[in-house]
Amino acid sequence: PPALAGLHAALATPYDADGAIAPACLERLIDFILGQGIDGLYVGGSTGEALLQSTEEREQVLHLAAEAAQGRGVLIGQVGSVGTREAQRLAKLCASAGYHAVSAIPPIYFQHSKAGILSYYQDIAEAADGLPVIVYNIPKLSGVQFSLGDLEALLAIPGVVGMKQTSIDMYQMEQLHRLHPEKLLLNGFDEMLLAGIASGANGGVGSTYNIMGARYVELLRRFRAGDNAGALEMQGRCNAVLDALVTHGVFPSLKYLLYRMKIIATPVCRAPLDRIDGAAARALDAIAAELSAE
Ligand code: NAY
């Protein structure tokens, strides 16, 4: 697990004008992210719009990201799906494409029993062919609520090395850290990275590491150096940007910023995610100018 600690960008998926995946932009985005000092890439997550893509497209993104990374950084593939079959197929691909770990949201839409969810993760761990598995706990979007006991049952599955905690429950983060200090804990809400690492997280996965990775790298450096006031100041600088993203829609705003920063060629997300225009565009233009100047 320590090898998987650190800051990993939840990689966005750039599209071309026809809405197809744009390999050259993906490459440029990966260079930009790793150039900011970010430790790795979390490929095919919420930010990557994986659940708005076909299985073939998800495979394409996983392949393209691994090629573009060229051995730089940690590669974590998000393989979770509505069902076990697609998740296993993607986990197998990660194992053969040079990924260091797989991660998976719980199975969504149907309301599965706890036993069903446990076997979904066991099946993914088997398909991952020895790659460590990171459970992606995101009750807000998945609709699946896990108690501490449920999470502990998931952590006990052979191959499961930790958890990506996208939850504002910092008590649960601290409990996971205290009761399972050997497990990997990655903080999922960028707004709370400092709170997360102060509560025991070993790092984080974030959508906004795509656009301002250097700020989070500096936040973590200050925290590790014992400079809490300095780390809080960096969190504040990140959150001033996050305030706008949360107001105008995180994923469309993120794409719009990457477009205005000239890293990707079109600002679009997959429908039914919103498009950015009008007042939102003007507010984000100012942020793009600020970030481009850093
Ligand atoms: C993913 O899979 O893309 C992520 O884990 C990214 C983590 C993000 N969570 C969600 C639900 O989007 O970066 C966060 C989030 O966008 C940010 O904190 C703003 O709320």
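Use the structure listed above.
Below or above, wherever it landed, is the structure these notes cover. (Residues numbered from 1 in each chain as written. Predicted model: local features only at pLDDT ≥ 70, side-chain atom pairs only at ≥ 80, totals over all residues. Heavy atoms only, no water.)

Right, let's get into the sheet that holds strand 2 (residues 40-43). Around the barrel, 8 strands lie side by side as 1-2-3-4-5-6-7-8; this closed barrel has parallel pairing. Taking the axes of each pair of neighbouring strands and ignoring which way they run, one obtains an average angle of 25° across the sheet. Direction of pairing for strand 5 (residues 133-137) relative to strand 6 (residues 160-165): parallel, over a ladder of 5 bridges. The residue of strand 6 that forms the bridge with Y136 is K164. (Pairing = 2+ DSSP bridges. Helix = DSSP H or I, 4+ residues; strand = E, 2+ residues; numbered from the N terminus. Axes fitted to C-alpha atoms, helices over the stretch in contact; angles between N-to-C directions.)

As a further point, take the side chain of S167. Considering the arrangement of structural elements, one finds S167 in the loop between strand 6 and helix 7 (170-179). Among the polar contacts listed, one links the side chain of S167 to the backbone nitrogen of D169, at a separation of 3.0 Å. If sequence neighbours within four positions are ignored, S167 has contacts with Q172 and F189. (Polar contact = N/O pair within 3.5 Å; in protein donor to acceptor, adjacent residues only side chain to side chain. Contact = heavy atoms within 4.5 Å.)

In the vicinity of the ligand there are 20 residues, among which T47, Y136, K164, E191 and S207 approach most closely. Between the ligand and E191 there is a distance of 2.5 Å, counted from an oxygen atom to a side-chain nitrogen or oxygen. A distance of 2.8 Å separates an oxygen atom of the ligand from a polar atom in the side chain of S207. Taking 480 Å² as the accessible area of the ligand by itself, protein coverage stands at 95%. Placement of the ligand is best described as lying within the largest pocket. Of all the secondary structure elements, the ones that give two or more residues to the shell around the ligand are strand 8 (203-206) and helix 11 (250-260). (Near = heavy atom within 4 Å. Areas by Shrake-Rupley, 256 points an atom, 1.4 Å probe, with all protein chains shown as cover. 1 Å grid on protein atoms, 1.4 Å probe; cavity = no way out; pocket = protein on both sides within 12 Å on 5 of 7 lines; lining within 4 Å. Sits in = over half its atoms within 2 Å of the grid points.)

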